[in-house]
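# Structural overview for review
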Amino acid sequence: MAAIYSLYIINKSGGLIFYKDYGSAGRMDTNDSLRLASLWHSMHAISQQLSPVAGCSGIELLEADTFDLHCFQSLTGTKIFVVSEPGTLYMEALLKHIYELYTDYVLKNPFYEMEMPIRCELFDINLSQAIQKDRVALLGR
């Protein structure tokens, strides 16, 4: 069973710009993935406003019985979130690494238009390698 089920990248406006499914069960169609991204963006924004803690950056981890949802928000408002097996550790480091890949291969790509869906082969290749390395590392722990 894969440690990571799926990966989403949401732009600062709440639009889904990247989605990758790594699990074999429970695949979502395009409309469902768009709805989930929009819902998460809204929940994240509401949690920032309702938090009793000043300077709260929003929900970073949502734990459920069958999955965990880990979120990283950049200073520009881009959100990267991963749906993984419950109890999966070290997701913060993986999310930061994915953000580094995003900045290196997507944002520095002269053909990429900001806020648009990501279509970058080098990003896809390096992302697959990072996810595979993370899976191998989890098996060794």
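Up top is the structure these notes are about.
Residues numbered from 1 in each chain as written. Predicted model: local features only at pLDDT ≥ 70, side-chain atom pairs only at ≥ 80, totals over all residues. Heavy atoms only, no water.

### Digging into the packing of aromatic side chains
- Under the criterion given, the structure shown has six aromatic pairs.
- Here the aromatic rings of Tyr8 and Tyr19 are separated by 4.8 Å at their centres, their planes lie at 40°, and the arrangement is tilted. A residue pair is termed long-range when its members are at least 10 positions apart, and Tyr8 in strand S1 (residues 4-10) and Tyr19 in strand S2 (residues 16-21) qualify at 11 residues.
- In this structure Tyr8 comes out as buried when scored by relative accessible area, which is 1%.
- Since its relative accessible area comes to 26%, Tyr19 is described here as partly exposed.
- Of the aromatic side chains, those joined through ring pairs into one cluster are Tyr8, Tyr19, Trp40 and Phe81. (Phe/Tyr/Trp six-rings, centres within 6.5 Å; stacked < 30°, edge-to-face > 60°. Helix = DSSP H or I, 4+ residues; strand = E, 2+ residues; numbered from the N terminus. Buried < 20%, exposed > 50% of the residue type's maximum accessible area, 1.4 Å probe, protein only.)

### Re unusual backbone geometry
- The backbone of Tyr90 shows a phi angle near 65°, a positive value even though the residue is not glycine.
- On the secondary structure map, Tyr90 appears in the loop between strand S5 (79-84) and helix H2 (91-107).
- Despite not being glycine, Glu115 shows a phi value in the positive range, around 70°.
- Locating Glu115 in the fold gives a position in the loop between H2 and helix H3 (121-140).
- Classification of Glu115 as partly exposed rests on a relative accessible area of 28%.

### Side note on a nonpolar patch on the surface
- Together, Leu39, Met43 and Leu62 make up an exposed nonpolar region whose accessible area comes to about 230 Å².
- Structurally, the position occupied by Leu39 is in helix H1 (residues 30-50).
- A relative accessible area of 48% places Leu39 in the partly exposed class. (Patch = residues over 30% accessible without salt bridge, like charges linked within 9 Å, V, L, I, M, F, W, Y side chains within 5 Å. Areas by Shrake-Rupley, 256 points an atom, 1.4 Å probe, with all protein chains shown as cover. Salt bridge = Lys/Arg side-chain N within 4 Å of Asp/Glu carboxyl O.)

### Section: the pattern of salt bridges
- A complete count under the given rule lists two salt bridges for this structure.
- With a closest N to O distance of 3.2 Å, Asp104 and Lys108 form a salt bridge.

### Re the pairing of S5
- Within S5, six of the six residues are buried, which leaves it mostly tucked inside the rest of the structure.
- Burial along S5 is two-sided: the residues Lys79, Phe81 and Val83 and Ile80, Val82 and Ser84 are all buried.
- As paired strands, S1 and S5 are joined by six bridges and run antiparallel to one another. Its bridge partner being in S5, Leu7 is matched across the sheet by Val82.
- With six bridges connecting them, strand S4 (residues 68-73) and S5 associate as antiparallel partners. Counted as the bridge partner of Phe72 is Ile80 from S5.
- Between S4 and S5, which pair antiparallel and follow one another directly, the connecting turn spans five residues, one of which, Gly77, has a positive phi of 100°. (Pairing = 2+ DSSP bridges.)

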